[in-house]
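Summary of the model geometry
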Amino acid sequence: MPQFFIDRPIFAWVVALGITLLGLLSLPSMPVSQYPEVAPPTISISATYPGASAEDVSSSVASVIENELNGAKGLLYYESVSDSYGQSAITATFAPGTDPDLAQVDVQNRVSNITATLPAAVVQQGLKVEQSNTGFLLVATLSSDDGSLSQTELADYIKRNVQNAISRVPGVGKFQLFAAGRAMRIWVDPEKLVSFNLSMAEVSAAISQQNVLVSAGILGSPPNPADQRVTAPIVVNGQLRSVEEFENVILRSFADGSSVRVKDIARVEIGADNYQFGARLNGKTTAAFAISLSPDANALSTAKGIKEKLEELKEFFPEGISYDIPYDTSPYIETSIEQVVMTLLEAMLLVFIVMFVFLQNIRYTLIPALVVPVAILGALSVMNLFGFSINVLTMFAMVLAIGILVDDAIVVVENVE
């Protein structure tokens, strides 16, 4: 093989240029991270059963889903956590090498098979099936500088104006908000409920029946008489929008015209959707959200895109709102990669100097200097083909490989000389 390329130097140059081109094309598409992905793929299932205890959630939701997961292709094990807030989180771990997209589809199909057997409240709240990530790329916060906005108002602003924009940044896999947006809260007084001989089921049913979106149709739509020339959509205000409207929901009416309304047995206010999370930054009222990477995403470019998008959104923030990024892993990744690259360049420079000083021939010095970048770019193209990422371990392996490569080149050139 060496004699083949010695006799055909032009062909050897073409092969070297081809390897270099493949490496240059592979480099932009390779994911960048601090460490390689060695953990097996996991799929998380989230369910909410409002008002239920941890035991009820475990027996009526988590156990049903776990039984259906048995037999999934590549499934190693699963675990579940249920809390007293009515929430259940089930994590299914699959064998290394399993395609996470196919695993997610399999889990979704199995969960859909038992949807009818789950409590109606759980189905109404919805089940989330998504690929879970082991860590966060960064955590950002929105704070009220003057304290005029509460955490609930900040969280509501994030859900309406920030979440969708950040989620569209390439590389973002999951947006997790550690706060709750605004919601209509109805705090029922148990004593008043008993005094009117009502139950919570009746209160929930009354609110559901009187807070619906009504499709009233169109007045004068075809088929209509030939002389009718006017059509108009009928708009019915069936959904309740204010505290007063919810307070006036009728729970029970009597023959004498009197009635029992929600305000007679409960306090209605606009509060938080839930009260499980809380965050403060330097003593300021804060709503925090975390970003996780999607599979094969570039951590550095994703973090850069998120920061640019936040700077863009900052121009439209209401007065008194500012953002911070108290936790960000991208600087550590960037520094680690930079240090390895510097070590790589220093090794190449030292080799060049040693070769030139001892051989006193610029031609013999350029031979290993040209071989090193070609070998690196060729390795990058193979790494991209097999799904490897640029991380501290792969870069360190390149440093060791370059040492071996240069050492062999020195020995060969010295023997030839």
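Refer to the preceding data block for the structure.
Since we're looking at a predicted model, the values are computed, not measured. Positions within a chain are numbered from 1, following the residues in the order the chain's sequence is written. Thresholds applied to this predicted model are a pLDDT of at least 70 for local features of residues and 80 or more for the giving and counting of side-chain atom pairs; totals over whole chains, interfaces and linings are not thresholded and use all residues. Water and hydrogen atoms were dropped before computing side-chain values, which therefore reflect all heavy atoms in the structure.

1. Topic: the packing of helix H3 (residues 54–69) against helix H4 (residues 100–113)
- Where H3 meets H4, the closest approach of the two axes is 9 Å, and the angle between their N-to-C directions is 125 degrees. The angle between H3 and H4 places the two elements in the oblique class. For H3 against H4, the interelement crossing comes out right-handed. Each of Ile65, Glu68 and Leu69 in H3 lies in contact with H4, whose residues at this interface are Val107, Arg110, Val111 and Asn113. Note on method: axes are straight lines fitted to C-alpha atoms, helices fitted across the in-contact stretch only, with angles between N-to-C directions ranging 0 to 180 degrees. Runs of E in the DSSP output that reach at least two residues are strands. Runs of H or I that reach at least four are helices, and both are numbered from the N terminus. Here roughly perpendicular refers to angles of 65 to 115 degrees, roughly parallel to angles under 35, roughly antiparallel to angles over 145, and oblique to all remaining angles. Handedness of a crossing follows from how the near helix is turned relative to the far one, being left-handed for an anticlockwise turn of less than a right angle and right-handed for a clockwise one. Contacts are residue-level and defined by heavy atoms, with any inter-residue pair within 4.5 Å sufficient.

2. A word on the environment of Asn161
- Mapped onto the secondary structure, Asn161 falls in helix H6 (residues 151–167).
- Taking the C-alpha atoms as reference, Asn161 lies 44 Å from Asn224; in sequence the two are 63 residues apart.

3. Topic: unusual backbone geometry
- We note that Asn197 has phi near 60 degrees; this positive angle belongs to a residue other than glycine.
- Residue exposure (1.4 Å probe, protein chains only): buried if accessible area is under 20% of the type maximum, exposed if over 50%, otherwise partly exposed. Classification of Asn197 by relative accessible area gives exposed; the value is 59%.

4. Points about the packing of aromatic side chains
- Here is the rule: rings of Phe, Tyr and Trp (six-membered ring for Trp) pair when centre to centre is within 6.5 Å. Planes less than 30 degrees apart are stacked, more than 60 are edge-to-face, and the remainder are tilted. In this structure the tally under the stated criterion is four aromatic pairs.
- Both rings, one in Phe4 and one in Phe11, keep their centres 5.8 Å apart while their planes meet at 85 degrees; by these two values the pair is edge-to-face.

5. Topic: the environment of Leu27
- Inspection of the secondary structure puts Leu27 in the loop between helix H2 (9–26) and strand S1 (42–48).
- Judged by relative accessible area, Leu27 falls into the partly exposed class, the value being 37%.
- The spacing of Leu27 and Asp189 is 162 residues in sequence and 64 Å in space, taken between C-alpha atoms.
- Those residues in contact with Leu27 that sit more than four places away from it in its chain are Leu380 and Ile390.

6. Some remarks on the pattern of salt bridges
- Note on definitions: salt bridges are taken to be side-chain nitrogens of Lys or Arg within 4 Å of carboxyl oxygens of Asp or Glu. In total, this model carries nine salt bridges according to the counting rule given.
- With a closest N to O distance of 2.7 Å, Arg160 and Asp156 form a salt bridge. Taken together, the residues span about one helical turn, with Arg160 and Asp156 both in helix H6 at a distance of four residues.
- For the salt bridge of Arg267 with Glu269, the shortest nitrogen-to-oxygen distance reads 3.0 Å.
- What you see here is one network of salt bridges that share partners, running through Asp156, Arg160 and Arg182.

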